[in-house]
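The primary structure of each chain is shown beneath.
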Amino acid sequence: MSLAPGRTRLLDDRFARELPEMAVPWQAVEAPAPRLLVLNEPLASELGLDPDQLREPDGVRFLLGNRVPSGAAPVAQAYAGHQFGGFNPRLGDGRALLLGELVDRDGRVRDLHLKGSGRTPFARGGDGLAVVGPMLREHVVSEAMHALGIPTTRSLAVTATGRPVQRETLLPGAVLTRVASSHLRVGSFQFAAATGDLGLLRRLADHAVARHHAQAAQADDPYLALFASVVAAQASLVARWMLVGFVHGVMNTDNTTISGETIDYGPCAFLDAYDPATVFSSIDETGRYAYGNQPVVAEWNLARLAEALLPLLADDQDRAVALAVEALEQFRPRYRAAWSAGMRAKLGLPDGLVDAVTDPLVDELLALLEHSGADLTSTFRLLCGAADGDVEPVRGQVLDLAAFDGWLARWRALGPDAAAMRRVNPAYVPRNHLVEQALTAATAGDLDPLGRLLDAVTSPFDERPGLDHYAAPAPAGLGAYRTFCGT
Ligand code: AMP
Ligand code: MG
């Protein structure tokens, strides 16, 4: 069979070759009774892979890492990380493998990666496995994020392994086949720095420059330029999260990419009611990774990246610190600019307006939403209609109508563009109660609700008849939503 017609070598092993100290050659555990649950056909085609072949038994074995193409050398990647603020010098892929790098149809290098492929030398106490629900959750949410135009790792497939996995109960096992522009993390740099091997750190930085921030290679100081690029990419990414109400849930430094893609969807969820203090994850007891804290945490994680890079920035430590601080100071203005531009677009306002006009408008709207417990996604979508003059539906979202009517009048006087608003304010996001319903059904063997949810959230701006249920907030009385890390 040929998964990718016309190619002699499907997967490269560049990471393993260039950074052997951070790559442990390893094999995926054999799946006893594989069953493909979901295949992302458009993504397969983008990668130059034949979807029909991927559905064949040998294709499914490829998606599980049980059939390794010739020349490929799967590895578990080493990385470190600050988890909830505490440093762990050795995390690494405990249940994941990098199968290798593939060149897509557009000539871009993409990692092909597995999650749930068995214990590795980094597994510590873990079983190395993953279960159907959380892997489908990553599939749905990452594909929804992609459709929203937010940089993210992608999901190529989720395959049930036929192996029961012990969690609180016995659950069906699964492997996620993931695609990323790379799996380099802030924690990768922390790992290299912690070894004290400057040559390794430099090779890692060179590898990152080549893969993600090629323009940094031309700069006077490529490593400082690399850091500045990561700062810019993360500032933009987190602003995009905030604009759609996405809460990552575990923003540890090992879950923060160098590419600026969203990675490692664990206890993530979308806001319903707008409230900056919102936390969904059951393990985030102090609210470290609350919705409203995400920009500050991203900046903190970038400070940890700066620390790891210091030896490459200058021989003199004080000089290195000064350079890093100056670059990191760009985070806040960049974040602010991305957020403000995004909010202006969400409100359909022309580009030319000055911040002094738009910022108070945005702040006042968000205060009204918070006070009303209004649903973030619905309110902005209903504002699209209000821009066309249909103000009653959105008035139903807000409690203080006197204040809101004043706000609406001032906003409408600026001439908001309803059609432009409908291109940036999604009608459909993977709402928590819908995701739970779809995953519960899928775990019990019924994939139809998942398919319907995927249809809705992968065309999020295109409002369609019959999908009202996907646009509506959770029914009252469901209680506070909690997500669990027991993945
Ligand atoms: P995460 O919370 O998914 O970002 O994972 C944090 C660390 O725990 C990483 O090193 C993972 O590889 C590891 N890990 C998570 N779950 C398991 C598991 N079931 N078995 C082995 N390692 C795991
Ligand atoms: Mg992780």
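Residues numbered from 1 in each chain as written. Chains lettered and ligands numbered in written order. Predicted model: local features only at pLDDT ≥ 70, side-chain atom pairs only at ≥ 80, totals over all residues. Heavy atoms only, no water.

Observations regarding the coordination of the magnesium ion (ligand 2)
Then, in step 1: Within the protein, Asn-255 (OD1) and Asp-264 (OD) serve as the donor atoms for the magnesium ion (ligand 2), at 2.0 to 2.2 Å. As far as burial versus exposure is concerned, Asn-255 and Asp-264 are alike and both buried. (Donors = N, O, S within 2.8 Å, 3.2 Å for Na, K, Ca; no water. Buried < 20%, exposed > 50% of the residue type's maximum accessible area, 1.4 Å probe, protein only.)

Quick word on the domain arrangement of the protein
How big an interface is tends to be stated in terms of the accessible area lost upon association of its parts.
Then, in step 1: The domain boundaries assigned to the protein delineate domain 1 (14-180) and domain 2 (186-339).
Then, in step 2: Computed from C-alpha atoms alone, the centre-to-centre distance between domain 1 and domain 2 is 23 Å.
Then, in step 3: Roughly 3,100 Å² is buried in total at the junction of domain 1 and domain 2, and carbon and sulfur atoms are behind 61% of that figure.
Then, in step 4: Looking only at domain 1, the three residues that lose the most surface to domain 2 are Met-22, His-82 and Phe-84, adding up to 21% of its buried area.
Then, in step 5: The interface formed by domain 1 and domain 2 includes four salt bridges.
Then, in step 6: Remark: the boundary between domain 1 and domain 2 carries 17 residue pairs in polar contact (both at pLDDT 80 or more).
Then, in step 7: Only helix H1 (14-18), strand S4 (81-83), strand S7 (109-115), helix H5 (132-147) and strand S9 (170-180) provide two or more residues apiece to the side of domain 1 that touches domain 2.
Then, in step 8: Of the residues in the side of domain 1 that touches domain 2, the class split is 18 nonpolar, eight polar and 10 charged. (Domains from an automatic or database assignment. Buried area = accessible area lost by both parts, 1.4 Å probe. Salt bridge = Lys/Arg side-chain N within 4 Å of Asp/Glu carboxyl O. Polar contact = N/O pair within 3.5 Å; in protein donor to acceptor, adjacent residues only side chain to side chain. Helix = DSSP H or I, 4+ residues; strand = E, 2+ residues; numbered from the N terminus. Nonpolar A, V, L, I, M, F, W, Y, C, P; charged D, E, K, R; others polar.)

With respect to the nonpolar core
Then, in step 1: If you look at the biggest cluster of nonpolar residues, it comprises 129 residues, and the most contacted ones within it are Leu-49, Leu-156, Phe-189, Leu-383, Trp-407 and Trp-411.
Then, in step 2: Split by domain, the residues of this core number at least three in each of domain 1 (14-180) and domain 2 (186-339).
Then, in step 3: When near neighbours in sequence (up to four residues on either side) are disregarded, Phe-189 contacts Leu-201, Leu-204, Ala-205, Ala-208, Leu-226, Ile-258, Leu-305, Ala-308 and Leu-309.
Then, in step 4: Core analysis: the second largest hydrophobic core is formed by 26 residues, Leu-37, Ala-130, Val-140 and Ala-442 among them. (Core = buried A, V, L, I, M, F, W, Y, C linked by side-chain atoms within 4.5 Å. Contact = heavy atoms within 4.5 Å.)

Some points on the site of ligand 1
Then, in step 1: Of all residues adjacent to ligand 1, which total 17 residues, the nearest are Gly-92, Gly-94, Arg-124, Asp-127 and Gly-128.
Then, in step 2: Taking Gly-92, its main chain carries an N or O atom lying 2.6 Å from an oxygen atom of ligand 1.
Then, in step 3: Within the side chain of Arg-124, one N or O atom sits 3.1 Å away from an oxygen atom of ligand 1.
Then, in step 4: Here ligand 1 loses 81% of its free accessible area of 480 Å² to cover by the protein chains. (Near = heavy atom within 4 Å. Areas by Shrake-Rupley, 256 points an atom, 1.4 Å probe, with all protein chains shown as cover.)

Examining the pattern of salt bridges
Then, in step 1: What the rule picks out here adds up to 36 salt bridges.
Then, in step 2: As a salt-bridge pair, Asp-12 and Arg-17 come within 2.8 Å of each other at their nearest N and O atoms.
Then, in step 3: When its relative accessible area of 25% is taken as the criterion, Asp-12 is described as partly exposed.
Then, in step 4: Here Asp-111 and Arg-211 are joined by a salt bridge, their closest N and O atoms 3.0 Å apart. Pair noted here: Asp-111 is in strand S7 and Arg-211 is in helix H7 (residues 198-212), with a separation of 100 residues, a long-range link.
Then, in step 5: Overall, the relative accessible area of 1% leaves Asp-111 in the buried class.
Then, in step 6: Arg-211 sits in the buried class, given a relative accessible area of 15%.

Side note on helix H6 (residues 186-195)
Then, in step 1: Counting buried positions over the 10 residues of H6 gives seven, a clear majority of the element.
Then, in step 2: Of all the residues in H6, the buried ones are Val-186, Gly-187, Ser-188, Phe-189, Gln-190, Phe-191 and Ala-192.
Then, in step 3: Buried residues in H6 make contact with S4, strand S5 (86-88), H7, helix H8 (222-244) and helix H9 (294-313).
Then, in step 4: Backbone geometry just after H6 places Gly-196 at a positive phi near 75°.

A short note on the packing of aromatic side chains
Then, in step 1: Applying the stated criterion to the full structure yields eight aromatic pairs.
Then, in step 2: Ring plane angle 85° and centroid distance 6.1 Å describe the contact between Tyr-274 and Tyr-291, whose orientation is recorded as edge-to-face. Taken together, the residues span a long stretch of sequence, with Tyr-274 in the loop between strand S11 (269-270) and H9 and Tyr-291 in the loop between S11 and H9 at a distance of 17 residues. The exposure classification of Tyr-274 matches that of Tyr-291, with both residues buried.
Then, in step 3: Ring centres 6.2 Å apart and planes at 10° place the aromatic pair Phe-331 and Tyr-335 in the stacked group. Residue Phe-331 and its partner Tyr-335 are located together in helix H11 (residues 331-346), separated by four residues, close to a single helical turn. Each of the two residues, Phe-331 as well as Tyr-335, counts as buried.
Then, in step 4: Grouping aromatic residues by their ring pairs yields a cluster made of Trp-241, Phe-246, Tyr-265 and Phe-270.
Then, in step 5: If you follow Arg-185 out to its NZ or CZ, it ends over the ring of Tyr-79, 4.3 Å from the centre.
Then, in step 6: Seen from the ring of Phe-380, Lys-346 lies directly overhead, with NZ or CZ sitting 4.6 Å from the centre. (Phe/Tyr/Trp six-rings, centres within 6.5 Å; stacked < 30°, edge-to-face > 60°. Lys NZ or Arg CZ within 6 Å of the ring centre and 35° of its normal.)

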